[in-house]
Amino acid sequence: MKLAIFGNNHQHQYIGRIAELFSFLRQQDIEFAVQHSFASYIKSQMPDIQLFDFFDDRCVPQADAALSIGGDGTMLHTAYWIAGSAIPVMGLNTGHLGYLTAAGIDEAEEMVIRLLNADYKIEERTLLQVDTSFDKTIDHPFALNEVAILRQDTSSMISMQTAINGTHLTTYKGDGLVICTPTGSTAYNMSVGGPILEPTASCMVLSPISPHSLNMRPLVIRNDSTITVSTQSRASNYQVSIDGRLIQCPNGSTVTVRKAPFSVRILQKSTHDFAHTLRLKLMWGTDRR
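The structure displayed is predicted, hence computed values, not measured ones. (Residues numbered from 1 in each chain as written. Predicted model: local features only at pLDDT ≥ 70, side-chain atom pairs only at ≥ 80, totals over all residues. Heavy atoms only, no water.)

1. Describing the packing of helix α1 (residues 15-27) against helix α2 (residues 36-45)
Inference 1: In contact at an axis separation of 11 Å, α1 and α2 are set at 110° when each is read in the N-to-C sense. In terms of orientation, α1 lies roughly perpendicular with respect to α2. Handedness of the crossing formed by α1 with α2: left-handed. In contact with I15, I18 and F22 of α1, α2 contributes F38, Y41, I42 and Q45.
Inference 2: Considering only residue class, the contact of α1 with α2 consists of six nonpolar, one polar and no charged. (Axes fitted to C-alpha atoms, helices over the stretch in contact; angles between N-to-C directions. Helix = DSSP H or I, 4+ residues; strand = E, 2+ residues; numbered from the N terminus. Parallel < 35°, antiparallel > 145°, perpendicular 65-115°, else oblique. Left-handed = near helix turned anticlockwise from the far one by under 90°. Contact = heavy atoms within 4.5 Å. Nonpolar A, V, L, I, M, F, W, Y, C, P; charged D, E, K, R; others polar.)

In structure tokens form, the structure reads like this:
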């Protein structure tokens, strides 16, 4: 087995645990390589750490599985790099919530043993693909969580003429529009009042941001739908956020969002249950009276 390891550069309190994990991987005769930027960070924190292989940040590594060490942001970053490769990814949480991760860093060795024993399950997670009507090359036009259309350089509403499969739906007027996957339903979508979806469901959600209307509500649609949004603003540009990666779009341009032709494969414990995750991570139904 060979693992590709991704991480972020905010691991000061966990650097010792990460070194222990690397030692454990060697004991199990597991080959591993570390993303170059993460490898440089680790060596800056632990100059005496035993040498290990690394791979270029711009390349998709050759591996049987990927480990993402960090929080949900690191999981999104990992999905960003391995998109289209079919490499399954397992998250080890060192962040705040870790909603997307399979386990905490203290369970790292247990999760490695699960990998070796095939004691896990893989969830296929939908990605969104973004295209624009203007001459703009997007290096990685894929989102695991959401695509958000946002106003820029103005406090005025933006107007978003929206169609589904070529048929006019409505013109949203407000601060923006979130188009999310089931995975992203607990992210930006949830914060603007959108519904929480089971993460492997075959659908997506359109949730307006601060709509200037009493009859604009979040809408759940099939994930084989194509959404086109033409945006008008009093500013010369508006923004599109692709899992937090911002691009500027000229006023009057059109953004098209559809399901990507491939998915992200998320590794979970074989005992993983969505209801348990809701209760544990989102305190679902907790009564503190």
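Picking up where we left off.
2. Here's the deal with the sheet that holds strand β13 (residues 203-209)
Inference 1: Here six strands make up an open sheet; going across it, the order is β14-β13-β12-β9-β16-β17 and the pairing antiparallel. The sheet is open, and its two edges are formed by β14 (219-222) and β17 (245-250), each paired on a single side. For this sheet, the mean inter-axis angle between neighbouring strands, taken without regard to orientation, is 20°.
Inference 2: Here strand β9 (residues 146-151) runs beside strand β12 (residues 176-180); their pairing, made up of five bridges, is antiparallel. Across the sheet, the residue bridging to I149 is L177, located in β12. (Pairing = 2+ DSSP bridges.)

3. Remarks on empty space enclosed by the protein
Inference 1: The tally for this structure, following the rule as stated, stands at three cavities of 30 Å³ or more.
Inference 2: Estimated volume of the largest cavity: approximately 70 Å³.
Inference 3: What lines the largest cavity is Y99, L100, R125, P199, Q268, H272, F274 and T277.
Inference 4: Residues belonging to the lining of the largest cavity are distributed by class as follows: four nonpolar, three polar and one charged.
Inference 5: One number sums up the size of the second largest cavity: a volume of about 40 Å³.
Inference 6: For the second largest cavity, the full set of lining residues is L76, A79, Y80, L127, F142, A143, L144, D243 and R245.
Inference 7: The element best represented in the lining of the second largest cavity is helix α3 (residues 72-82), accounting for three residues.
Inference 8: Across the lining of the second largest cavity, the residue classes tally to seven nonpolar, no polar and two charged. (1 Å grid on protein atoms, 1.4 Å probe; cavity = no way out; pocket = protein on both sides within 12 Å on 5 of 7 lines; lining within 4 Å. Points joined across faces, edges and corners; volume = space filled by probe spheres on them.)

4. Observations regarding unusual backbone geometry
Inference 1: With a phi close to 55°, N165 is a non-glycine residue in the positive phi region.
Inference 2: Tracing the sequence through the fold places N165 in the loop between β10 (158-164) and β11 (167-174).
Inference 3: Positive phi values are uncommon outside glycine, yet S210 reaches one of about 50°.
Inference 4: Checked against the element boundaries, S210 lands in the loop between β13 and β14.
Inference 5: Owing to a relative accessible area of 48%, S210 belongs among the partly exposed residues under this scheme. (Buried < 20%, exposed > 50% of the residue type's maximum accessible area, 1.4 Å probe, protein only.)

5. Looking at the environment of G166
Inference 1: Here G166 shows up in the loop between β10 and β11.
Inference 2: We classify G166 as exposed; its relative accessible area is 70%.
Inference 3: Along the chain, G166 and N251 lie 85 residues apart, while their C-alpha atoms are 21 Å from each other.

6. Some words on the pattern of salt bridges
Inference 1: Overall, the coordinates contain 12 salt bridges when judged by the stated rule.
Inference 2: Across the salt bridge formed by D106 and R17, the nearest N and O atoms sit 3.4 Å from each other. Note that D106 is positioned in the loop between β6 (103-104) and α4 (108-116) and R17 in helix α1, a separation of 89 residues in sequence.
Inference 3: According to the relative accessible area criterion, D106 is exposed, its value standing at 62%.
Inference 4: A salt bridge links R258 to D131; its shortest N-O distance comes to 2.9 Å. (Salt bridge = Lys/Arg side-chain N within 4 Å of Asp/Glu carboxyl O.)

7. Looking at the layout of surface pockets
Inference 1: What the largest pocket holds in volume is close to 260 Å³.
Inference 2: Sorting the residues of the lining of the largest pocket by element identifies β6, β18 (254-269) and α6 (274-281) as the ones contributing at least two each.
Inference 3: Looking at the lining of the largest pocket, the element that brings in the most residues is α6, giving four residues.
Inference 4: Taken together, the residues that form the lining of the largest pocket break down as four nonpolar, eight polar and four charged.

8. Re the environment of A103
Inference 1: Along the chain, A103 falls in strand β6.
Inference 2: It is 8.5 Å that separates the C-alpha atoms of A103 and M90, two residues lying 13 residues apart in sequence.
Inference 3: Apart from residues lying up to four places away in sequence, A103 is in contact with G91, L92, N93, M111 and K269.

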